[in-house]
Amino acid sequence: RQQGRRDAFGDEVEAVEAYIASGGRALILREPRTSTGLEPMLSRYGLKANADFIVDVNPLARMLGGSPTMPVVYEYGTHTITKDMQGVATVFPMVGSIETITPKETGVTTEVLAKSSDQSWGEMGELADRVSHDPATEEVGPLDIAAVSVRKLDAAEPASPDATADAPAGAATAKEARIVLFGDADFASNATLMTADNRNLFLNSMAWLNERSDLISIRPKDRTAQPVVLNALQARAL
């Protein structure tokens, strides 16, 4: 759905909820301060998207052309998706924070994938040339920007050949619903996907959702032209 247009219709939300409840998989890329209509469902699965956007003044961001509103992330969880990404960078143009909260559904577990730096905060005001942290109303970093939710279902079925790393071939495996939530959609856009290790994070998320843990890796860099991201001052100087 195009960003910022409208929430999903009620029957669309019901269809998504029924699909997830039956053991479906979903990758949800939510732009900051954008309502989707899926918020109540996400809450039941222990995930919450906040009404802020992250400002990160970590100077390391400048090395990859980042800015305070384009955080460069170096901190990851130990989940299967990100276990091999320690020490690499991903870039998020205008990202909102998310939270893992107490799930309302039974059998749900959540895990954080990535965080902003400890020099960031969740800005609640409007985007402007100058912003500052208000400790009374704004959360200080590190802030979660991506997380997963898994719900184990009661039914069991033979493991598929594709579930190579999740269970031995031919073994019975409990069916489960899986959700990956990001506080940004632009990190996977054509303009940003090949920046830093964004592609690895996106493809690893897709592989995990499809139970293809054998495809989760840090892929070799293509020897092709890489985009150079300039801020306004750098562009004028060039």
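Residues numbered from 1 in each chain as written. Predicted model: local features only at pLDDT ≥ 70, side-chain atom pairs only at ≥ 80, totals over all residues. Heavy atoms only, no water.

A. Structural view of the side chain of Thr195. Tracing the backbone shows Thr195 in the loop between strand E11 (172–182) and helix H3 (198–209). Residues within four places of Thr195 in sequence aside, it is in contact with Val91 and Pro227. (Helix = DSSP H or I, 4+ residues; strand = E, 2+ residues; numbered from the N terminus. Contact = heavy atoms within 4.5 Å.)

B. Representation of the environment of Glu75 within the structure. Mapped onto the elements, Glu75 comes out in strand E5 (residues 75–76). The exposure class of Glu75 is partly exposed, given its relative accessible area of 34%. Taking C-alpha positions, Glu75 is 5.8 Å from Ala114, a pair spaced 39 residues apart along the chain. Glu75 has contacts with Leu113, Ala114, Lys115, Ser116, Ser117, Asp118 and Pro142, leaving out every residue within four places of it along the chain. (Buried < 20%, exposed > 50% of the residue type's maximum accessible area, 1.4 Å probe, protein only.)

C. Expanded view of the pattern of salt bridges. Counted according to the given criterion, the structure contains nine salt bridges. Lys115 is the salt-bridge partner of Asp144, the closest N and O atoms lying 2.6 Å from each other. Of this pair, Asp144 sits in strand E10 (residues 144–158) while Lys115 is found in strand E8 (residues 108–115), placing the two residues 29 residues apart along the sequence. Its relative accessible area of 13% is what places Asp144 among the buried residues. (Salt bridge = Lys/Arg side-chain N within 4 Å of Asp/Glu carboxyl O.)

D. How the structure looks around the packing of aromatic side chains. Within the structure shown, the criterion is met by three aromatic pairs. Relative to Phe187, the ring of Phe92 lies with its centre 5.1 Å away and its plane at 35°, an arrangement referred to as tilted. Of this pair, Phe92 sits in the loop between strand E6 (90–91) and strand E7 (98–100) while Phe187 sits in the loop between E11 and H3; the two residues are 95 residues apart in sequence, bridging distant segments of the chain. Exposure remark for Phe187: the relative accessible area of 0% places this residue in the buried category. Of the aromatic side chains, those joined through ring pairs into one cluster are Phe92, Phe182 and Phe187. (Phe/Tyr/Trp six-rings, centres within 6.5 Å; stacked < 30°, edge-to-face > 60°.)

E. View of the confidence of the model for the protein. Averaged over every residue, the pLDDT of the protein is 84; the share at 70 or more is 83%. This model gives residues 156–165 a pLDDT under 50, and the stretch forms 21 contacts once residues within four places in sequence are excluded. Overall, residues 167–172 carries pLDDT values under 50, and its contacts beyond four positions in sequence, including any with other chains, amount to nine contacts. (pLDDT = per-residue confidence, 0-100.)

F. Just the pairing of strand E9 (residues 120–123), in detail. Residues Ser120 and Gly122 of E9 are buried on one face, and the alternating residues Trp121 and Glu123, pointing to the opposite face, are buried as well. In this structure, strand E3 (residues 53–56) lies alongside E9, joined through four bridges in antiparallel fashion. Within the sheet, the bridge partner assigned to Ile54 lies in E9 and is Gly122. (Pairing = 2+ DSSP bridges.)

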